[in-house]
Amino acid sequence: MRKLTYFIACSIDGFIGDPDGDATAMMRFLDEEFLGFLTSEYPETVATHGRRALGIDDLPNRRFDTVVQGRGSYDLALAEGITSPYAHLREYVASGTLKESPDPNVEIIADDLVGKVRELKAEDGELGIYLCGGSKVAGELLDEIDEVVIKTYPLVYGSGMPMFGEAFAISEFALESVRTFGNGVLVRSYSRKR
């Protein structure tokens, strides 16, 4: 069974973006040390155009071969004219409003997101599934998430888009590791207690 990993950036107070979902304030923490960590440990989480700019386009995928993201997350790429932001992965976009994919590498999941993710998890393979974002998508998939990797940036938003945007539910995870960086970023990994 393949794992679904929610790999997400957030503020100290748990927001993945401002009330509109904008997380550009976090970008300034992508310094040499932190980028070195991302490119060595999670290279596939760097979008394809970023990989090219960093000269790491040829790095093999270490943890994931598939990405699932929400419409809001995907719209950030579309606004830049990028129709396949993770061309080095199989791409799925959960959207009830995007009727047709603008790219042959991107499959739209219009309904039964949980069923599709269960199908992806049941596939044979050594690499897992990267849940890229979308507060609503993460909330909908909460019961399917096997691992959460939280990149906490030293910022307080006060309000904004929460990591999980669904109805109240308690789910327990076990802390697996913590890594700190000189720029104040903290990366915590949790695995689901089953």
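Draft legend 1. Here's a closer look at a negative patch on the surface. A contiguous patch of negative charge, built from D111, D112, E140 and E166, is present on the exposed surface. Relative to the assigned elements, E166 resides in the loop between β8 (161-162) and β9 (173-180). What makes E166 partly exposed here is its relative accessible area of 43%.

Draft legend 2. Representation of the pattern of salt bridges within the structure. According to the stated counting rule, one finds 16 salt bridges in the structure shown. Two residues, R52 and D57, come together in a salt bridge whose shortest N-O distance is 3.4 Å. Take D57: its relative accessible area is 37%, and that puts it in the partly exposed class. Close ionic contact of R90 with E123 constitutes a salt bridge, the shortest N to O distance being 2.6 Å. Of this pair, R90 sits in strand β4 (residues 90-94) while E123 is found in the loop between α4 (113-122) and β6 (128-133), placing the two residues 33 residues apart along the sequence. What makes R90 partly exposed here is its relative accessible area of 31%. Three or more residues joined by partner-sharing salt bridges are found here, namely R118, K121, E144, D146 and R194.

The rules behind each value
- Residues numbered from 1 in each chain as written.
- Predicted model: local features only at pLDDT ≥ 70, side-chain atom pairs only at ≥ 80, totals over all residues.
- Heavy atoms only, no water.
- Patch = residues over 30% accessible without salt bridge, like charges linked within 9 Å, V, L, I, M, F, W, Y side chains within 5 Å.
- Areas by Shrake-Rupley, 256 points an atom, 1.4 Å probe, with all protein chains shown as cover.
- Salt bridge = Lys/Arg side-chain N within 4 Å of Asp/Glu carboxyl O.
- Lys, Arg positive; Asp, Glu negative; His and termini not counted.
- Charge placed at Lys NZ, Arg CZ, Asp CG, Glu CD.
- Helix = DSSP H or I, 4+ residues; strand = E, 2+ residues; numbered from the N terminus.
- Buried < 20%, exposed > 50% of the residue type's maximum accessible area, 1.4 Å probe, protein only.

Remember, this is a structural readout, not a statement about activity or role.
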